[in-house]
Amino acid sequence: MGGEPDNRQALACAATMKLKWSNQAVADVARLHDFLAKVNPNVAARTVQTLTVAPLQLLDRPQSGRQLDQYLPREVRRIIIGNYEMRYELADSTVYILRIWHTREER
């Protein structure tokens, strides 16, 4: 018991967190796929795979992304996945994927 961390709270958090995608985020992934598929279908498929699997890490560490203060009091955060930015919101026990875009896109 000494100085060992208690992982029960982290495990309980991961077990209770849910992941939900907004319609806009799903459309973003489709848009990115369509853009990339014109040049290289294999890269498009790998990119979609990466972008859809990456948010699973948020179930274990939902606050790992940088909080975006302009959305306060909502808890909207962002993570960078390769060359893509993913914005998500934490509400209750759910991680909502809000939007995804390439970091070179104008926003």
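Residues numbered from 1 in each chain as written. Predicted model: local features only at pLDDT ≥ 70, side-chain atom pairs only at ≥ 80, totals over all residues. Heavy atoms only, no water.

(A) Quick peek at the nonpolar core. Within the largest apolar cluster, 19 residues are counted, with the highest numbers of intra-cluster contacts made by Tyr 88, Val 95, Ile 97 and Ile 100. Among the elements of the structure, helix 2 (23-37), helix 3 (41-53), helix 4 (57-60), strand 3 (75-81), strand 4 (84-91) and strand 5 (94-102) are those that each provide at least two residues to this core. Beyond its immediate chain neighbours, meaning those up to four positions away, Ile 97 contacts Leu 19, Lys 20, Trp 21, Ser 22, Ala 25, Pro 55, Leu 58, Met 86, Arg 87 and Tyr 88. (Core = buried A, V, L, I, M, F, W, Y, C linked by side-chain atoms within 4.5 Å. Buried < 20%, exposed > 50% of the residue type's maximum accessible area, 1.4 Å probe, protein only. Helix = DSSP H or I, 4+ residues; strand = E, 2+ residues; numbered from the N terminus. Contact = heavy atoms within 4.5 Å.)

(B) Summary view of the pattern of salt bridges. Within this structure, the stated rule accounts for seven salt bridges. Linking Arg 31 and Glu 105 is a salt bridge whose minimum nitrogen-to-oxygen distance equals 2.9 Å. With a gap of 74 residues between them, Arg 31 in helix 2 and Glu 105 in the segment after strand 5 connect regions that are remote in the sequence. Arg 31 gets classed as partly exposed once you look at its relative accessible area, which sits at 33%. Residue Glu 105 is classed as partly exposed on the basis of its relative accessible area of 27%. Glu 85 is paired through a salt bridge with Arg 87; the nearest N and O atoms lie 2.7 Å apart. As far as burial versus exposure is concerned, Glu 85 and Arg 87 are alike and both buried. Linked by salt bridges that have partners in common, Asp 28, Arg 31, Arg 99 and Glu 105 make up one network. (Salt bridge = Lys/Arg side-chain N within 4 Å of Asp/Glu carboxyl O.)

(C) Representation of the packing of helix 2 against helix 3 within the structure. At a minimum axis distance of 7 Å, the contact between helix 2 and helix 3 shows a crossing angle of 160 degrees. Classed by the angle they form, the pair helix 2 and helix 3 counts as roughly antiparallel. Relative to helix 3, the crossing made by helix 2 is right-handed. Of the residues in helix 3, those touching helix 2 at Val 29, Leu 32, His 33, Leu 36 and Ala 37 are Pro 41, Ala 44, Ala 45, Thr 47, Val 48 and Leu 51. Partitioned by chemical class, the residues of the contact of helix 2 with helix 3 number nine nonpolar, two polar and no charged. (Axes fitted to C-alpha atoms, helices over the stretch in contact; angles between N-to-C directions. Parallel < 35°, antiparallel > 145°, perpendicular 65-115°, else oblique. Left-handed = near helix turned anticlockwise from the far one by under 90°. Nonpolar A, V, L, I, M, F, W, Y, C, P; charged D, E, K, R; others polar.)

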